[in-house]
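Now for the letters of each chain:
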Amino acid sequence: MTASIVGWAHTPFGKFDTETVESLVVRVANEALADAGISAADVDEIVLGHFNAGFSQQDFTASLVLQADPQLRFKPATRVENACATGTAAVHQGIRAIAAGAAKIVLVVGVEQMTRTPSAEIGRNLLKASYLPEDGATVGGFAGVFGGIAQAYFQKYGDQSDALAMIAAKNHKNGVANPYAQMRKDFGFEFCRSESEKNPYVAGPLKRTDCSLVSDGAAALVLTDSETAKTMGKAVNIRATAHAQDFLPMSKRDILQFEGCTVAWQRALQSAGVKLSDLSFVETHDCFTVAELIEYEAMGLTPRGQGARAIKEGWTQKDGKLPVNPSGGLKAKGHPIGATGVSMHVMTAMQLLGQAPEGMQIKDAKLAGIFNMGGAAVANYVSLLEPVK
């Protein structure tokens, strides 16, 4: 590829009553430019990832990035949206601008503010990332959609409650070492496995610990062409990208296959000329634990129906053969929708340069994969990153 990440910024994820979408955007935009050592005047293009769907009264938010610095005025700025993959959609849009020769320096920002919205509205907003003619009346909102997927998986392959609890426990344990994570608490397997007053069933077989968090937060990164990257203080190369968009209605596909995820992984690995086993770690989209389980299969880590092996045999632990979500994933880090994909790229870039927080760093990380998903395996994005050699 022709693009590299040369700077970044990341707020903690959580509940922030004193922040707004604008304040979060301005903060990370300025911090990312400062981290890259780049003036706002040097930016050629701006891409903002912001799902919104009713979470913020202020829509039409691309120009909010200009609030960070008057020198951003009159720069091309575009907001992109692709459900929960909005952040990576923004990153890939910036990469394409550089690959096309339309820009040398692109500022990418991802943001969401969700916690000010009443619970019932949160459910309705998130359900907009499904096919409303079929799923609009789903009890439990988007959790209900994935509760149905989990139920169908259990019916086909047997009860996987142990595997889901192990995934939740892994990601919460990993999140303890991530200072940006919303929930930094090691709950352990027994708590995640057991129904309790603090861990009730939410939808189908999914308990509270199987569901990612409602979050506020933002992340940003600076992309440059590969030649410019060589002159920068730090640089992580985008080795390959892939995007596979699937049908929105689940009735038109086998939802247990996550076929778009498979296609995106295959395209990215083929483009880079590498195998899954060449990766040092993966950050994957665990909006619900059952999503991570199926993604093990879709990325090719295990055969179909055998995803539980990867977690039960320790493959995806931080010291396993393919660590998955060393950041804590969406499960522990939080999931401010428009920020998530940008965050995944920032976390991965930190790892590859040996700059991840203590306790989170994967030793000798050389090549990493990111999978960010919108809807129920509808928008599927993969990025492969490596340090600039």
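Preceding block: the structure.
All values derive from a computational prediction rather than experimental measurement.

*Asks:* Describe in detail the packing of helix α2 (residues 86-99) against helix α13 (residues 337-352), supporting the description with residues and values.
*Replies:* Running from N to C, α2 and α13 cross one another at 55°; their axes reach a closest spacing of 5 Å. One way to sum up the angle between α2 and α13 is to call them oblique. Only Ile 337, Gly 338, Gly 341, Val 342 and His 345 of α13 make contact with α2, whose side of the interface consists of Thr 86, Gly 87, Thr 88 and Val 91.

*Asks:* Quick rundown of the nonpolar core? Include the residues and the values.
*Replies:* The biggest cluster of nonpolar side chains holds 102 residues, and the ones touching the most others in it are Phe 146, Ile 149, Leu 221, Phe 258, Trp 265, Phe 288 and Leu 384. Counting 30 residues, the second-largest nonpolar core is a separate cluster that includes Ala 32, Leu 48, Val 109 and Ala 218.

*Asks:* Run through unusual backbone geometry, naming residues and quoting values.
*Replies:* Phi is positive for Asn 52, which is not a glycine, with a value near 65°. Mapped onto the elements, Asn 52 comes out in the loop between β2 (45-49) and β3 (77-80). For Asn 52, a relative accessible area of 2% translates into the label buried. Even without being a glycine, Asn 325 presents a positive backbone phi close to 60°. Residue placement: Asn 325 occurs in the loop between α11 (307-312) and α12 (329-333). Given the relative accessible area of 0%, Asn 325 is considered buried.

*Asks:* Please give an account of the pattern of salt bridges that cites residues and values.
*Replies:* A full pass over the atoms with the stated rule returns 10 salt bridges. Here Lys 170 makes a salt bridge to Glu 292, at a shortest N to O gap of 3.0 Å. Of this pair, Lys 170 sits in helix α6 (residues 161-175) while Glu 292 sits in helix α10 (residues 289-298); the two residues are 122 residues apart in sequence, bridging distant segments of the chain. A relative accessible area of 2% places Lys 170 in the buried class. According to the relative accessible area criterion, Glu 292 is buried, its value standing at 0%. Residues Glu 386 and Arg 239 are paired through a salt bridge, measuring 3.0 Å at the closest nitrogen-oxygen approach.

*Asks:* Hey, could you go over the side chain of Thr 348 for me, with residue numbers and the actual values?
*Replies:* Within the secondary structure, Thr 348 is located in helix α13. For Thr 348, a relative accessible area of 0% puts it in the buried group. Once residues lying within four places of it in the same chain are set aside, the contact partners of Thr 348 are Phe 281, Glu 283, Ala 368, Ile 370 and Leu 385.

*Asks:* Let's hear about the environment of Ala 165: which residues, and what values?
*Replies:* Of note, Ala 165 is situated in helix α6. Along the primary structure Ala 165 and Gly 217 are separated by 52 residues, whereas in three dimensions their C-alpha atoms are 26 Å apart. Aside from chain neighbours lying at most four places away, what touches Ala 165 is Phe 189, Cys 192 and Arg 193.

*Asks:* Please provide a residue-by-residue account of the sheet that holds strand β4 (residues 105-113), values included.
*Replies:* One open sheet accounts for nine strands, arranged β3-β2-β4-β7-β1-β8-β11-β10-β9; its pairing is mixed. Where the open sheet ends on each side, the last strands, each with one partner, are β3 and β9 (281-283). Ignoring which end each strand starts from, the neighbouring axes of this sheet average 30° apart. When strand β1 (residues 3-10) meets strand β7 (residues 216-225), the two strands line up antiparallel, connected through seven bridges. Paired with Ser 4 across the two strands is Thr 224, which belongs to β7. Where helix α1 (residues 21-36) meets the sheet, its contacts fall on β1, β2, β4 and β7, and the angle it forms with β1 comes to roughly 130°.

Basis of the calculations
- Residues numbered from 1 in each chain as written.
- Predicted model: local features only at pLDDT ≥ 70, side-chain atom pairs only at ≥ 80, totals over all residues.
- Heavy atoms only, no water.
- Axes fitted to C-alpha atoms, helices over the stretch in contact; angles between N-to-C directions.
- Helix = DSSP H or I, 4+ residues; strand = E, 2+ residues; numbered from the N terminus.
- Parallel < 35°, antiparallel > 145°, perpendicular 65-115°, else oblique.
- Contact = heavy atoms within 4.5 Å.
- Core = buried A, V, L, I, M, F, W, Y, C linked by side-chain atoms within 4.5 Å.
- Buried < 20%, exposed > 50% of the residue type's maximum accessible area, 1.4 Å probe, protein only.
- Salt bridge = Lys/Arg side-chain N within 4 Å of Asp/Glu carboxyl O.
- Pairing = 2+ DSSP bridges.

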